[in-house]
Every structure is written in C-alpha cells, then in structure tokens.
Amino acid sequence: MAVEIDPSYMKHKKGIQKGMFTCFRILSYFIAAVLFYILGFIIVKGISVINWDFLTQAPTDGMTKGGILPAIVGTFYLMIGSAVFSFPVGVMSGIYMNEYAPKGKMVNFIRTMTNNLAGIPSIVFGLFGMAFFVNYLDFGDSIIAGSLTLGLLALPIVIRTTEEAFKDIPNSYREGSLALGATKAQTIWKVLLPMAMPRIITGLILSLGRVSGETAPILFTCAAYFLPKLPESIFDQCMALPYHLYVIATSGTDIEAQTPIAYGTAFVLIVIVLIMNLLANNIRKYFENKLKSK
Amino acid sequence: MKRLIDNIARYVLTVSGFTTSVVILLIIGFLFKEAVGLFNNPIVEDGYVLALNKENDVKRLSAQQIKNIFDEEITNWKEVGGKDMPITVFRLEDLDKHYTEAELGAEYEYAGDKIAEQVHQTPGIVAYVPDVLMKGQKDIHYIENQDIPVKDVLLGNEWFPTATPSPIFGILPLISGTLWVSFFAILIALPFGLAISIYLAEVANEKTRKFLKPIIELLNGIPSVVYGFFGLAVIVPFLQQTFNLPVGESGLAGSLVLAIMALPTIITVGEDAMRSCPRSMREASLALGATQWQTIYKVVIPFSISGITSGIVLGIGRAIGETMAVLMVTGNAAVMPHSILEPLRTIPATIAAELGEAPAGGAHYQSLFLLGVILFFITLIINSCVEIVSSRNKFKK
C-alpha cells in the first residue's frame, strides 16, 4: 500500500527549506564579504605605503616618518626565539604522550593540561612572563624573556600537532622496527620522527604565525616603544610589529602622519600571517602527495 | 650502550611530557603569590598616615569614605559616624600655605611639629602625611590602618587604583565590562556562526566550501591588533555617526570586533561536529521522507549539539580573554556600564593598560595580578565546560 503524502504539505516543507537555505547562504556571503572588506581595506590602504625605504629604515621624527625595520627584525627574532624553546620541548612532549606515557589517565591528564594552557588568555601569559622571566629570573625586559613567554604560548600548538602526527603512524612501522632489533629510541628517531616531521613542521609554522601577531605577552616582557638601533644581544629589548602597530594606532603626537605607517605595519603583519598559512598548507600538501605516491 | 641511550631518551621525554603541567603550576603559583599580596596592603598608601585631632572619635574609615572625603564629597564628620563638624582636608602640600620656608626648615625638619600644630588647632582636620614626620608627636589621633578587605575588592563597584590617599580596587566594573562585551559579541556572532557552519557542513557544494573554508581559517590567524586597528579605523567612526555618540569607542565597538574574532572558532568547531554525524543517520532520515532541512534540524543538529556548544563556549573564552583589540576600541572607562554604547573596560584591557605604569610590588601591581588570577579561573572553568561537553559526545557515539 502506497503512503499518500499531501503534496501541499511537501510543498510547504520545501518552501521552508528553501527559505532557510537562502537565509544561510546570504549570511555566509555577508560574512565572507565582511572578511574581504577587512582584508581588502588593510591591503589597499597598506600597499601604497610599502616601499623599499619603509621596509629597510628605522622610524624617524618621533615615529611619524621613516620605516619599520627594527620592528620587522624584532618580530623575526621573537619568532625564532620562541621556536627555539617551543619546538624541541613541544615535540618531545608530544612523543612522550604517544610513545611512552601509560595510556589512559596519564595521557588524559597531560592532554587536559595542554588544553588548559592553550586556553589561557595571552595577557595572562604576559603577566606570568613579567613575574617569572623578567622579575624572578631577572632577565629584565629582553628578547629572551619575550621569546620564552611566546614560546609557552606556542607550546600547546606544537604538542598537539606532534601528538596527532605520531598517532596517525600505523603500529606496523613500530613493530617492524622493533622486530629488526632496534631500541625504542632508535625506532622513534629513525622511523617515526621522519614520518611525522612534515606535520610537525606545519604545526611549527602555524605557531610561528600566531607568535608573530601576539602583542599582549610581549607588552611587559620585551617590547620597546622606540629603539633606533637593532638589538645586539638576547638581553636587549626589541621593537615588534604588533606592538608597533598598537603604539602608532593609539598614541603619538601626530595622528595624521602616523596613520599611513599604521596601515603599512598592519599590511606587513597580515602578509606574514598569509605567508605562514600558505607555507604550512603547501608543506602539508607536498608531503601528503609524496606519501600517496609511495 | 644502546640501552643507556634508550633510558636517557625515556627520561628526557618523560620530563618534557610534563612541561605543560609544570608551566600551569608555575603560572598559578606566581600569579597567586602576587595577587594575594594585595590583601596585605593597608588601605592608606604605605608609609602614610591619616592624622586627626585628638577630640575626634572616628577610628576607622573605609577606602571609599577616605576617597570621598578627599574628593570633598563628604564634608562633615557626621556622615562617617563622627561628631557634627566640618571636615578640613590637609595634605602635605598645604604646609606651604600656612608656613614660610624658614619656619619649616631647609630640609623640612620642623614639618612634623608644624603639622602637629595644625592638627591641634583644627578640630575637624584630617591630615594625609608621611608617618616619618609624625614620629614622636603627641596627642594626635590616627585612623586605624586596616588591610584592604577582600569584600571591598570583590564586591566594590569603583576602580580607582591610583587614587590617593587610598586607592580603590573594586573589580565589579571590570567584570561587568568584560561580561557585557563578551555577551553582546556572542549574541552577534551566534546567528552568523550557526548559519555559516550549517551552510558549510550541509548545504554548500564542494566548490563553495573550498572557497569559504580557507578564508575563515585565515581570519583566525589575523593578529588581534590588526582587528583592533580595523575597529579603530572603521567600526568606531561608523558607530559614532550611526548612533550619534560623543565618542565612538564603546562596548558595542568591542563586541563587534570580538564577534568577528570569535566567528572562526564557532564555525570551525561547529562544522566539524556536524560533519561527524554518520551518513547512515542522514540517509535514514531522508529515506523516511524528511526534507533536507528537517534532517538537519531534527537529526544532524541534535546529534552534534555538544560539538556546536563547545564551539560556542570556546568562542566565549576567546572573547573574554581577548586583550589588544578590546583595549583599542572600547574606550577604557573603568565605570559600571549602563549601556553597551558607553565606553567601558574589560579585565584583560585593564591589565594591559595599567601594568606598565604600576610600580612593581605595589598594591596596584598586585591588584592587576588578582585580575589575572580571576581571568585565569574564568578560562579554566570555560575549558572544563568544553571538556565535559565534548566527553559527553564521545559517550553518545
């Protein structure tokens, strides 16, 4: 016996569906438009400021003229500094979780701690960095204090990607290596780590992208309002792009002269983030294809 | 030899495995150490006393009363439980009005005596002076200097950390500022976030998805100062014109910026949750004659509700902890907000704005660490909520 469905009921339902879907579509495109507006606004206004001098000169005339070289270099130092700390520690921590820690409670505990660390607002990292690295360990306002603070921020990202990368390696690789008489450390070093590396690197690059844009953690640990010279040691303060943008956007003597510099700085920041994202995506795709072709 | 290396590796890896736990402990330890110190500070700034005439029987004043007295909002001792006489406020600078430099001595060596003289002469006086000057002065009555009470901080609704003689650290305006901004941000972001995650997960074709998804992920990577700068350059002037405000920097500007910033989190997590709904469930629903939309809201959404909720909660967490963007666009007025269109100030923005000026180790500095502790716990609670919600999801599968 065929079930009769009232055609007008179906029509009504289809109508609702159509209405809802159209609504979703419009909202999605609206947000996409907003995003393009934000990006476009900064890119269009920023790109006209960018020239060789802007990228290679220090700010002059009370930061109303000149370039942003010290800020670019400072951000670069901070990215490297944070990676030097977060990369080895994060990778080792991720390996421990996958290969050594007793499954169950221990892994869950570490994962919870890592998630908690990832959820802490960046300004709290700044407070901690100031109390611990700057005051307690007496590094002062310095690149090393800033790098360590940012490294803590990047740590959860590196740990997570390492953990996931190792988790996806089939057990047969471990067993094969161990069966050949390799120790656990050798297995990890020679078999697992090379396989996991592309994804770990992807995670590292993403964390660098995040680090390059953080302001709150370096406000009190490292960032300098203005430095005419480039930093000479890791115990010097340095300028940084995000802090520089904050400073010239919110304070200063000559707002009109500073605005173009602010657009230029925002542009450079966005370009760094874009490059990091593209790089991470491409590395991932490259190695995925390579693994597939094997 | 190999075994030795193996053991060393195990040892090193174990140690680094607990780095995050150690870091969290250190954060808690250091934040708490500074924050708790706040409650060991006297109400009146360290090294100073409030001297009264010996006839005056007022013994205790709260920080709020002291501030009002020195702001000349309270002008009679009757209002703070004393006798009916007008209050005469006396600060160290006022000495110069009454005495010549010669009388005070070249190095203020007679200042103590002169202050005492003033205090004896004026029945209604309250003198805010360094305690070293008052050593050995007789017949002077001092306001008892109690420690800053916990209640006044947690329930106080005024934030004047730099007021003299007694700073006021009521954190309610900051907490309510944070909640207002985050609440409106989520209110704005929620409909968009849900609509877009449903659209991406269920409705959009592969091509549209491949186009929209990377953009939304990219949005997540843009630094918060850039959002703040965009807010300052575009949203703030826009709001000022639209609502005809005296200043465009307002809670609403912060909410709008935060809404844009919280969107990627809500969308990504929500979409992932909906995609994890098994194909068989969808097909069963469609086979029973349900339309696609009925399937979505009767099957897919109930199935993935815990994932969607964690996305929203994570978005709230991001909004509450966000510092720079909010600092740049909300106008930073540390008062109880009456409307979302007024300038207000959030906890993270307060820390960022004031820590640079607060002398290390002082009460102001410690109060900012207290704010950090509060923020830390708010995010800890939010994280636990997310874990509980998502663990329920696993159980359901």
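In this text the structure is predicted, and so the values were computed from the model without any measurement.

Student: Would you mind going over helix α9 (residues 206-221) of chain B with me for this structure?
Tutor: Spacing of three or four residues puts side chains on the same side of an α-helix, whose turn is 3.6 residues. Between the first and last C-alpha of α9(B) there are 23 Å, a value that for 16 residues agrees with the 22 Å anticipated at 1.5 Å per step. Of all the residues in α9(B), the buried ones are B:T208, B:R209, B:L212, B:K213, B:I215, B:I216, B:L218 and B:L219.

Student: Sorry if this is basic, but what is going on with the interface of chain A and chain B here?
Tutor: Where the parts come together, the accessible area they lose is often given as the size of the interface. Contacts between the two partners involve 77 residues from chain A, matched on the other side by 72 residues from chain B. Contact between chain A and chain B buries roughly 6,800 Å² in total, counting both sides, with carbon and sulfur atoms accounting for 81%. In this structure, the connection of chain A to chain B is made through zero salt bridges. Linking chain A to chain B there are nine residue pairs in polar contact (both at pLDDT 80 or more). At 23 residues, helix α1 (residues 7-47) of chain A tops the list of elements feeding residues into the side of chain A that touches chain B. Considering only residue class, the side of chain A that touches chain B consists of 58 nonpolar, 16 polar and three charged.

Student: Quick question: what am I supposed to make of the nonpolar core here?
Tutor: Inside soluble globular proteins, nonpolar side chains tend to come together where they are buried. Counting 178 residues, the largest nonpolar core has B:I27 and B:Y227 as its most contacted members. In this view, B:I27 contacts A:L117, A:I120, A:V124, A:F125, A:F128 and B:F376; residues no more than four positions away in its chain are not counted. Counting residues in hydrophobic clusters, the runner-up holds 20 residues, among them B:L52, B:V58, B:L61 and B:V126.

Student: Any chance you could explain the packing of helix α8 (residues 172-203) of chain B against helix α15 (residues 347-354) of chain B here in plain terms?
Tutor: Helix packing for two helices is described by the angle between their axes and how far apart those axes are. Residue and element names in this part refer to chain B. Their axes nearest at 8 Å, the elements α8 and α15 cross at an angle of 125°. As far as their axial angle goes, α15 and α8 are oblique. From α8, L174, I175 and T178 reach across to α15, where they touch I347, P348 and T350. Tallied by class, residues from the contact of α8 with α15 come to four nonpolar, two polar and no charged.

Student: What's the story with the packing of α8(B) against α9(B) in this structure? I'm lost.
Tutor: Residue and element names in this part refer to chain B. Their axes nearest at 9 Å, the elements α8 and α9 cross at an angle of 140°. As summarised for this structure, α8 and α9 are arranged oblique, according to the angle between their axes. Here α8 and α9 pass one another in a crossing that is left-handed. Across the interface between the two elements, I196, Y199 and L200 from α8 touch T208, R209, L212 and I216 from α9. Taken together, the residues of the contact of α8 with α9 sort by class into five nonpolar, one polar and one charged.

Student: Please explain the pattern of salt bridges as it appears in this structure.
Tutor: One side chain can pair with another of opposite charge once the charged atoms of both are near each other. Counted by the stated rule, this structure contains twelve salt bridges over all chains. Taking the shortest distance from any N to any O, the salt bridge between A:E99 and A:R174 comes out at 2.9 Å. Taken together, the residues span a long stretch of sequence, with A:E99 in helix α3 (residues 69-100) and A:R174 in helix α7 (residues 171-179) at a distance of 75 residues. Of the two residues, A:E99 and A:R174, neither departs from the other in class, the shared state being buried. For B:K67, the salt bridge is made with B:E158, and the minimal N-O distance between the two is 4.0 Å. Residue B:K67 is located in helix α3 (residues 63-70), and its partner B:E158 is located in the loop between α7 (150-155) and β5 (159-160); the two are separated by 91 residues in the primary sequence.

Student: Explain the UniProt feature "transmembrane region" (unreviewed entry) in chain B here, please?
Tutor: Residues and elements named next belong to chain B. Under the UniProt annotation, the feature "transmembrane region" (unreviewed entry) is placed at residues 12-32, 179-201, 222-240, 252-274, 295-320 and 368-389. The distance from the first to the last C-alpha atom of residues 12-32 is 30 Å, and the span holds 95% helix and 0% strand. Each end of residues 368-389 is marked by a C-alpha atom, and these two atoms are 32 Å apart; helix forms 100% of the span and strand 0%.

Student: What is the right way to read the domain arrangement of chain B from this model?
Tutor: Residue and element names in this part refer to chain B. Considered domain by domain, chain B is made up of domain 1 (1-39), domain 2 (46-145) and domain 3 (169-393). Contact residues are listed per partner, giving ten residues for domain 1 and eleven residues for domain 3. When the buried surface of domain 1 facing domain 3 is broken down by residue, L31, E34 and L38 rank first, second and third, together holding 56% of it. The interface formed by domain 1 and domain 3 includes zero salt bridges.

Scoring rules and cut-offs
Residues numbered from 1 in each chain as written. Chains lettered and ligands numbered in written order. Predicted model: local features only at pLDDT ≥ 70, side-chain atom pairs only at ≥ 80, totals over all residues. Heavy atoms only, no water. Helix = DSSP H or I, 4+ residues; strand = E, 2+ residues; numbered from the N terminus. Expected span 1.5 Å × (residues − 1). Buried < 20%, exposed > 50% of the residue type's maximum accessible area, 1.4 Å probe, protein only. Contact = heavy atoms within 4.5 Å. Buried area = accessible area lost by both parts, 1.4 Å probe. Salt bridge = Lys/Arg side-chain N within 4 Å of Asp/Glu carboxyl O. Polar contact = N/O pair within 3.5 Å; in protein donor to acceptor, adjacent residues only side chain to side chain. Nonpolar A, V, L, I, M, F, W, Y, C, P; charged D, E, K, R; others polar. Core = buried A, V, L, I, M, F, W, Y, C linked by side-chain atoms within 4.5 Å. Axes fitted to C-alpha atoms, helices over the stretch in contact; angles between N-to-C directions. Parallel < 35°, antiparallel > 145°, perpendicular 65-115°, else oblique. Left-handed = near helix turned anticlockwise from the far one by under 90°. UniProt positions renumbered as here; feature names shortened; annotations may be inferred. Domains from an automatic or database assignment.

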